[in-house]
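# Report on the structure
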Amino acid sequence: MTSCFALVVAAGRGTRLGGPLPKQYLPLGGVPLLRHTLKVLASHPGISRVGVVIHPDDRALYDEAAQGLDLLPPVAGGAARQDSVRNGIESFEKDAPDRILIHDGARPFLSHEVIDRILAALDEGPAAIAALPIRDTVKRAQEGVSVDTLDRASLWRAQTPQGFRYGEILQAHRAAKGSDLTDDAAVAERAGLPVRLVEGSEENFKVTTGDDLLRAERVLAQALGDIRTGQGFDVHEFGPGEHVWLCGVLVPHSHGLVGHSDADAGLHALTDAVLGAISAGDIGAHFPPSDPQWRGAPSWKFLRHAADLVAKAGGMIAHADVTLICERPKIGPHRDAMVARIAEILAISPGRVSVKATTTEKLGFTGRSEGLAAQAVATVRLPL
Ligand code: MG
């Protein structure tokens, strides 16, 4: 069995977009752009491990982008792209994979088909890269005046991933140290390795400018055009205790909530809403109350499971809205913490989470403070 590791290059400062964040961390569909890239690579069956080269100043941003993904520890980049890549390749040396795919963090729409083509080409030779032919006529110009028309038949636009036999690209990078080459294929060419071109894709573009980011949002919106809504409802009874768990936050109270797990009605309702949006049954089917392993379980595990199912389906959670129905405890002082906690569990931005509270004007079981109810609506975007 041939082993292949992926190295994602995300150490650039990306100042061309002019924003406060390096471009690979800008939000795309509400999550860091880099996260889209990482998920594509981490979910490909032919790739056993994924590592990322980052700028050391970006560690907190990286941790947010990589949350919940099974990745190797990040590696610090160097002064230039080539140094960053070399650091990343070196970091795999103890595991010595047979192959390595090197990919730009700012190309979020890499498809598994392109990866498949590169891996197939690596059966035939030591290096293969994604590339596209040039359709436009290409001019060479001096001071704005065309002086020559080039033969485009031999010209290609290089993309990433660029795939290599591991040992050969490691040696090539070590030998090329100090030269200023703009991609890893150039490093391989310098070492005399034949670099095979395989078909890339127009959607596998690099997000470099503000226009690219708008295009990326359009591509994502189109790709995730199957919009689903799910709703959930849950009730738990008050009982002895000094606190309740609500929306993943510990709230001091004169009573506790009775339940098999931590009785967090807010997260239970939201879990059911997410499951409902993807037609995946209900919380009881996934976590049977009869199963002793869920006794006292923290309910964030249930919600994370539902979010994982959405991710496995290639979708994203666009919005979550929870309403807590009770006279006491007062929710207002804890609302921001609840929003932050749900956003963390779902790995989406807090702007996509809402927590509200209401009473039933002292009517019914919530009005008599016998118990507490929660409703939730989740909006999920799935691939068309
Ligand atoms: Mg419940």
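Definitions and limits used
Residues numbered from 1 in each chain as written. Predicted model: local features only at pLDDT ≥ 70, side-chain atom pairs only at ≥ 80, totals over all residues. Heavy atoms only, no water. Helix = DSSP H or I, 4+ residues; strand = E, 2+ residues; numbered from the N terminus. Buried < 20%, exposed > 50% of the residue type's maximum accessible area, 1.4 Å probe, protein only. Contact = heavy atoms within 4.5 Å. Areas by Shrake-Rupley, 256 points an atom, 1.4 Å probe, with all protein chains shown as cover. Lys, Arg positive; Asp, Glu negative; His and termini not counted. Charge placed at Lys NZ, Arg CZ, Asp CG, Glu CD. Expected span 1.5 Å × (residues − 1). Arc of directions from axis to C-beta. Phe/Tyr/Trp six-rings, centres within 6.5 Å; stacked < 30°, edge-to-face > 60°. Lys NZ or Arg CZ within 6 Å of the ring centre and 35° of its normal. Patch = residues over 30% accessible without salt bridge, like charges linked within 9 Å, V, L, I, M, F, W, Y side chains within 5 Å. Salt bridge = Lys/Arg side-chain N within 4 Å of Asp/Glu carboxyl O. Donors = N, O, S within 2.8 Å, 3.2 Å for Na, K, Ca; no water. Domains from an automatic or database assignment. Buried area = accessible area lost by both parts, 1.4 Å probe. Polar contact = N/O pair within 3.5 Å; in protein donor to acceptor, adjacent residues only side chain to side chain.

### With respect to the overall build of the protein chain
Counting its regular elements, the protein chain contains 12 helices and 18 strands. Judged by the C-alpha coordinates and their principal axes, the protein chain covers about 85 × 50 × 35 Å. Burial status across the protein chain gives 49% buried among its 384 residues. Taking the contacts inside the protein chain whose residues are at least 6 apart along the sequence as the reference set, 71% of them involve residues at least 24 apart. Put simply, the protein chain shows about 18,000 Å² of open surface, and 52% of that area lies on carbon and sulfur atoms. Side-chain charges of the protein chain comprise 40 positive and 46 negative groups, with the mean position of each set lying 2 Å from the other.

### Quick look at helix H7 (residues 210–223)
End to end, H7 covers 20 Å across 14 residues, agreeing with the expected 20 Å (1.5 Å per residue, within 8%). Where H7 is concerned, the buried positions are Asp 212, Leu 213, Ala 216, Val 219 and Leu 220. Angularly, the buried residues of H7 cover 120° about the axis, an arc narrow enough to put them on a single face. Opposite its buried face, H7 presents the exposed residues Asp 211, Leu 214, Arg 218 and Gln 222, each directed more than 90 degrees away. Buried residues along H7 sit against strand S2 (27–28) and helix H1 (33–42).

### Notes on the packing of aromatic side chains
With the rule as written, the count across this model stands at five aromatic pairs. Ring geometry for Phe 109 and Phe 205: centres 6.0 Å apart, planes at 45°, overall tilted. Of this pair, Phe 109 sits in the loop between strand S6 (99–104) and helix H4 (112–122) while Phe 205 sits in the loop between strand S11 (195–199) and H7, placing them 96 residues apart in sequence. Here Phe 109 matches Phe 205 in class, with each residue buried. Judged by centre distance (4.7 Å) and plane angle (85°), the rings of Phe 287 and Trp 294 are edge-to-face. With relative accessibility at 10%, the residue Phe 287 sits in the buried group. Here the aromatic cluster, defined as three or more aromatic residues joined through ring pairs, consists of Phe 287, Trp 294 and Phe 302. It is Arg 215 that lies over the ring of Phe 205; its NZ or CZ is 3.8 Å from the centre.

### Section: a nonpolar patch on the surface
The grouping of Phe 233, Val 235 and Phe 365 at the surface amounts to a nonpolar patch, some 250 Å² of accessible area in total. By the element assignment, Val 235 lies in strand S12 (residues 226–239). For Val 235, a relative accessible area of 34% translates into the label partly exposed.

### Description of the coordination of the magnesium ion
Surrounding the magnesium ion are the protein donor atoms Asp 234 (OD), His 236 (NE2) and His 268 (ND1), at 2.2 Å. Here the donor residues of the magnesium ion share one chain and are spaced in sequence as D-x1-H-x31-H. Within this pair, whereas His 236 is found in strand S12, its partner His 268 is found in helix H8 (residues 265–277), the two being separated by 32 residues in sequence. According to the relative accessible area criterion, His 268 is buried, its value standing at 7%.

### Topic: the domain arrangement of the protein chain
Where the parts come together, the accessible area they lose is often given as the size of the interface. The domain boundaries assigned to the protein chain delineate domain 1 (4–220) and domain 2 (226–382). Of the residues lining the interface, six residues belong to domain 1; the matching set on domain 2 comes to eight residues. Of the roughly 550 Å² buried between domain 1 and domain 2, counting both surfaces, carbon and sulfur atoms make up 48%. Contact with domain 2 buries area across many residues of domain 1, yet Gly 29, Gly 30 and Gln 67 alone supply 57% of it, more than any other trio. Counting the contacts that link domain 1 with domain 2 gives zero salt bridges. For the pair domain 1 and domain 2, the number of links is zero residue pairs in polar contact (both at pLDDT 80 or more).

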